[in-house]
Amino acid sequence: MAVKNIIIMHHNTKAFQMLYDNLSKENKCISLKPSATELKKIPENLTIDAFLIDFTDVSKGDILYLCDGLNSKPYDKAPIIYSGSYFSHSVFTSKITKLRNTNFLSNSDINILQRDIMLTLCNLNIIESVNVTVNNPFNGPQSTTVNKSNSDSISNPVQNTKQEESAIPPKKPDILIVDDDITILTSVAKLLTPTYQVKAVKSASSAFLSIGKSKPDLILLDYMMPICNGKKTLEMLRDNFETKRIPVIMLTSFSERENVLQCHSLGISGYLVKPVNREDLLEAIESAIG
């Protein structure tokens, strides 16, 4: 396997330091702080295969200057995987999203963030394979080998239930659950697993990454999420031709019902107040997808 040159820019956060340690075993990695001046430390004439950038707690000025630097030669070709809470700073959101070959990942779980980055690197053909330990809400920590041949089959920390291998059974509808509360995420997934193919993610960005690989038949969407809440997520779904017709059921607390009702103009199939019971949940889903 050819050695790849990977630039990892971070403020010594645990997730990115562990990534550096892991990737350095088979690749040439350079660890820098996320700022434009740090780009000057990269050796001249070095071909960069990928940038991994942690924008957590990085100032607006540093991000804007870094974006300019990444858009200039010789760095204007390498794909970028970045993580952070930039959605809360709309002033420079558009600046970041205009970078070419960009992939945004956001997850508070260190293990899952690492796995998602490795998965993206595999899909970009930057690395062949790597062992990453992820936490499965049902089965606890599991060591997974991510590689090009199986990367599409492990697109989510909550594993889909296996279909019976007997005579081709009818395909179960695919349900995507989006909720930052791991307790709710796990409990709803358990309720639905006997009846549906279930994928569960903890953020809007992870949801769009999952949808890009396999469009679900219905989305259960939490209203109150950090960085990008349910209303913003719904707006993005409805603005995209590929996702505008996917049925969406909002999950909300009692106090948020008025906010959720405002989402009806964007087209939702209903809402459920948490905690939800299995009967109401199955009835709402059946009504939405038939």
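As the structure is a prediction and not an experimental result, all values here were calculated from the model. (Residues numbered from 1 in each chain as written. Predicted model: local features only at pLDDT ≥ 70, side-chain atom pairs only at ≥ 80, totals over all residues. Heavy atoms only, no water.)

## Quick look at the sheet that holds strand 5 (residues 102-105)
Part 1 of the argument: The 5 strands lie next to each other as 2-1-3-4-5, forming an open sheet whose pairing is parallel. Edge positions in the sheet fall to strand 2 (28-32) and strand 5, since each has one partner strand and no second. Averaged over all pairs of adjacent strands, the angle between their axes in this sheet comes to 15°, without regard to strand direction.
Part 2 of the argument: As defined by bridge partners, strand 3 (residues 50-54) adjoins strand 4 (residues 80-83) across 4 bridges and the pair is classed as parallel. Residue pairing across strands places D54 opposite S83, the latter belonging to strand 4. (Pairing = 2+ DSSP bridges. Helix = DSSP H or I, 4+ residues; strand = E, 2+ residues; numbered from the N terminus. Axes fitted to C-alpha atoms, helices over the stretch in contact; angles between N-to-C directions.)

## A word on the sheet that holds strand 8 (residues 174-178)
Part 1 of the argument: Here we have 5 strands laid out as an open sheet, ordered 9-8-10-11-12, and parallel in their pairing. A strand with exactly one partner marks an edge of an open sheet, and here the two such strands are strand 9 (197-201) and strand 12 (271-273). Neighbouring strand axes in the sheet, compared pairwise and without regard to direction, differ in orientation by 20° on average.
Part 2 of the argument: The sheet contact formed by strand 11 (residues 248-252) and strand 12 spans 3 bridges and is parallel. If you follow L251 over to strand 12, its bridge partner there is L272.
Part 3 of the argument: Across the sheet, helix 5 (residues 182-192) touches strand 8, strand 9 and strand 10 (218-222), and the angle it forms with strand 8 is around 165°.
Part 4 of the argument: Set on the sheet, helix 9 (residues 278-289) makes contact with strand 8, strand 10, strand 11 and strand 12; between it and strand 10 the angle comes to about 130°. (Contact = heavy atoms within 4.5 Å.)

## Some thoughts on the pairing of strand 2
In summary, the side chains of a regular strand alternate between the two faces of the sheet.
Part 1 of the argument: Relative to strand 2, strand 1 (residues 5-9) runs parallel, the two sharing 5 bridges. Across the sheet, I8 pairs through a bridge with S31, a residue of strand 2.
Part 2 of the argument: With helix 1 (residues 14-23) bridging strand 1 and its parallel neighbour strand 2, the resulting β-α-β unit is right-handed. (Right-handed = clockwise from strand over helix to strand, strands pointing away.)

## With respect to the side chain of H10
Part 1 of the argument: Mapped onto the fold, H10 is located in the loop between strand 1 and helix 1.
Part 2 of the argument: A polar contact of 3.0 Å, which involves the side chain of H10, links it to the side chain of S31. (Polar contact = N/O pair within 3.5 Å; in protein donor to acceptor, adjacent residues only side chain to side chain.)

## Notes on the packing of helix 6 (residues 204-213) against helix 7 (residues 230-239)
Part 1 of the argument: In contact at an axis separation of 10 Å, helix 6 and helix 7 are set at 25° when each is read in the N-to-C sense. In terms of axis orientation, helix 6 runs roughly parallel to helix 7. Considering only the axes of helix 6 and helix 7, their crossing is right-handed. Seen from helix 6, the contacting residues are A204, F208 and I211; seen from helix 7, they are T233, M236 and L237.
Part 2 of the argument: Its residues placed into classes, the contact of helix 6 with helix 7 shows 5 nonpolar, 1 polar and no charged. (Parallel < 35°, antiparallel > 145°, perpendicular 65-115°, else oblique. Left-handed = near helix turned anticlockwise from the far one by under 90°. Nonpolar A, V, L, I, M, F, W, Y, C, P; charged D, E, K, R; others polar.)

## With respect to the nonpolar core
Part 1 of the argument: Core analysis: the largest hydrophobic core is formed by 23 residues, its most contacted members being I42, F51 and I53.
Part 2 of the argument: Where this core is concerned, the elements lending two or more residues are strand 1, strand 2, strand 3, helix 2 (60-70) and strand 4.
Part 3 of the argument: In terms of residue count, helix 2 provides more of this core than any other element does, 4 residues in total.
Part 4 of the argument: The residues contacting I42, other than those within four sequence positions of it, are I7, L32, I48, F51 and Y75.
Part 5 of the argument: Listed in part, the 20 residues of the second largest apolar core include I175, V198, L218 and V276. (Core = buried A, V, L, I, M, F, W, Y, C linked by side-chain atoms within 4.5 Å. Buried < 20%, exposed > 50% of the residue type's maximum accessible area, 1.4 Å probe, protein only.)

## Some remarks on the pattern of salt bridges
Part 1 of the argument: Under the criterion given, the structure shown has 4 salt bridges.
Part 2 of the argument: The partner of K274 in a salt bridge is D179, with the nearest N and O atoms 3.3 Å apart. Of this pair, K274 sits in the loop between strand 12 and helix 9 while D179 sits in the loop between strand 8 and helix 5; the two residues are 95 residues apart in sequence, bridging distant segments of the chain.
Part 3 of the argument: Among the ionic contacts, a cluster of salt bridges with common partners joins D179, D222 and K274. (Salt bridge = Lys/Arg side-chain N within 4 Å of Asp/Glu carboxyl O.)

## Quick look at the pairing of strand 10
Part 1 of the argument: The buried fraction of strand 10 is high, at 5 of 5 residues.
Part 2 of the argument: Neither face of strand 10 is exposed, since L218, L220 and D222 on one face and I219 and L221 on the opposite face are all buried.
Part 3 of the argument: Across 4 bridges, strand 8 lies against strand 10 in parallel orientation. The partner of I177 across the bridge, within strand 10, is L220.
Part 4 of the argument: At this point the chain moves from strand 10, through helix 7, to the parallel strand 11, and the crossover so formed is right-handed.

Don't take any of this as a statement about function, it's just geometry.
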